[in-house]
Amino acid sequence: MPLFQQAIFHTTVADLRDLPTDSQCEVAFAGRSNSGKSSAINTLANHSRLAFVSKTPGRTQHLNYFRLDPGKYFVDLPGYGFAKAPEAIRSQWEGLLAPYLRHREALCGLVLIMDSRHPLTELDLQMLGWFAPTGKPIHVLLSKADKLTRQEQALAFREVQTALTAIGSNCTLQLFSSLKKSGVMEAETILGAWLGLAITPKAPPPTGLSTEKTARVKKRSAIGWGARSAERAGGRH
């Protein structure tokens, strides 16, 4: 069973004063609008509509909390970089995002979603700049990797890896595809460790013993055995 399959919607926060007080550990998901952030959360939770996937980028304007376990949450942050968003909304996003990323004690790591076809935008770098000074880990998902050839995937990976190396040693990186569900186990391993959630080992494959025929000792009937013995004895006279 996927590690985060028990995820359920918990609350929406529009003001930092309303952040859950029971939170012990949170993993935040950030990304440019239309980067595939909501799809990535849905894929990790094995739920088609846990995080709302909108065709209108920038629709998410608050912090959306999804409960994984008591005191442990995924946090879907507002998508950033939508040019048509009113200035007041963009200011609200920045008023939520920067303080949350810099000062939230329960926040144990940031998952930054980048479209693998267009990584390291100016706003991606700004997000990294906001968060890197905290010293907390950053894991980059290069989303929509299925839309690239293997050579293009390798080029995008190296480009982002070079940039992350310059930022610090606390950054990890992987390719990810919500459509193909590739990269899920790798992400589970990293995020599960951040949250202190153990991955349940897969059950061993069936041995086939239940379908094997059990060897049975053939029992001869007493009458049959006695008759044959009598015949043998009679033959000796």
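Just above, that's the structure.
Owing to the predicted nature of the structure, the values given are computational and were not obtained by experimental measurement. As a convention, each chain's residues are numbered from 1 in the sequence order in which they are written. A pLDDT threshold of at least 70 governs which residues receive local features in this predicted model, and a stricter bar of 80 or more applies before side-chain atom pairs are shown or counted, although totals over entire chains, interfaces and linings include all residues. To obtain the side-chain values, all non-hydrogen atoms of the structure were included, while hydrogens and water were left out.

S.K.: Give a detailed account of the side chain of serine 116, specifying residues and quantitative values.
M.R.: Secondary structure elements are taken from DSSP: a helix is a run of H or I of four residues or more, a strand is a run of E of two residues or more, and numbering for both begins at the N terminus. On the secondary structure map, serine 116 appears in the loop between strand S5 (107-115) and helix H3 (122-131). The cut-offs for exposure are 20% and 50% of the maximum accessible area for each residue type, with area from a 1.4 Å probe on protein chains only; residues under the lower value are buried, those over the upper are exposed, and the others partly exposed. With a relative accessible area of 3%, serine 116 lands in the buried category. Under the rule applied, a polar contact is a pair of N or O atoms within 3.5 Å (in protein, one hydrogen donor and one hydrogen acceptor; residues adjacent in sequence only if both atoms are side-chain atoms). A polar contact is formed between the side chain of serine 116 and the backbone oxygen of serine 143, at a distance of 2.7 Å. A polar side-chain atom of serine 116 sits 3.4 Å from the main-chain carbonyl oxygen of lysine 144. A contact between two residues is defined here by any heavy atoms of the two lying within 4.5 Å. If sequence neighbours within four positions are ignored, serine 116 has contacts with Leu142, Ser143, Lys144, Ala145, Leu148 and Ala156.

S.K.: Explain the pattern of salt bridges to me, and be specific about the residues and the numbers.
M.R.: A side chain with one charge may pair with a side chain of the opposite charge, provided their charged atoms come close. For this analysis, a salt bridge means a side-chain nitrogen from Lys or Arg found within 4 Å of a carboxyl oxygen belonging to Asp or Glu. Scanning the entire structure with this criterion turns up 5 salt bridges. Here lysine 37 ties to aspartate 76 by a salt bridge, and the two come within 2.5 Å at their closest N and O atoms. A residue pair is termed long-range when its members are at least 10 positions apart, and lysine 37 in helix H1 (residues 37-45) and aspartate 76 in strand S4 (residues 72-76) qualify at 39 residues. By relative accessible area, which is 6% here, lysine 37 ends up buried. Residue class for aspartate 76 comes out buried when judged on its relative accessible area of 2%. Between aspartate 115 and lysine 144 there is a salt bridge whose closest N-O contact spans 3.8 Å.

S.K.: Account for the sheet that holds strand S3 (residues 63-69), with residues named and values stated.
M.R.: Taken together, the 7 strands give an open sheet; going across it, the order is S1-S3-S4-S2-S5-S6-S7, and neighbouring strands pair in mixed fashion. The open sheet has two edge strands, strand S1 (8-13) and strand S7 (171-175), and neither has a second partner. Here the strands of the sheet are splayed against their neighbours by 25° on average, with no regard to which way each runs. Paired strands, in this sense, are two strands between which DSSP finds at least two bridges. Here strand S6 (residues 138-143) pairs with S7 via 5 bridges, running parallel. Bridge pairing links valine 140 to leucine 173 in S7. Axes, fitted as lines to C-alpha atoms, cover a helix only where it is in contact. Angles between the N-to-C directions of the axes lie from 0 to 180 degrees. Where H3 meets the sheet, it contacts strand S2 (25-31), S5 and S6, and its direction lies at approximately 170° from that of S5. Each of S5, S6 and S7 is contacted by helix H4 (residues 150-167), which is oriented at about 170° to S7, the strand it contacts most.

S.K.: Explain H3 residue by residue, including any values.
M.R.: Looking at H3, one finds that the buried residues are Asp124, Met127, Leu128, Trp130 and Phe131. With its buried residues spanning 160° around the axis, H3 presents them on a single face. This arc is taken over the directions from the axis of the helix to the C-beta atoms.

S.K.: Describe the pairing of S5, with residues and values.
M.R.: Here S5 lies mainly inside the structure; 9 of its 9 residues are buried. Relative to S5, S2 is paired through 6 bridges, and the arrangement is parallel. Bridge pairing in S5 places phenylalanine 29 opposite valine 111. Here 6 bridges tie S5 to S6, and the two strands are oriented parallel to one another. Bridging from a neighbouring strand, methionine 114 pairs with leucine 142 of S6. Viewed with both strands pointing away, a crossover whose connecting path from the first strand over the helix to the second turns clockwise is right-handed. With respect to chirality, the unit in which S5 leads through H3 into the neighbouring parallel S6 is right-handed.

S.K.: I'd like to hear about the nonpolar core, residue by residue, with values.
M.R.: Each nonpolar core is a collection of buried residues, namely Ala, Val, Leu, Ile, Met, Phe, Trp, Tyr and Cys, held together in the definition by side-chain atoms within 4.5 Å. Membership of the largest hydrophobic core comes to 32 residues, with the highest contact counts inside it found for Leu63, Leu77, Tyr100, Leu101, Met127 and Val140. Looking at this core element by element, the count peaks at 5 residues for helix H2 (residues 87-103). Once residues within four sequence positions are removed from consideration, valine 140 is found in contact with Leu112, Met114, Val160, Leu164, Thr172, Leu173 and Gln174. Core analysis: the second largest hydrophobic core is formed by 26 residues, Phe29, Ile41, Leu68 and Phe74 among them.

Structural measurements only, silent on function.
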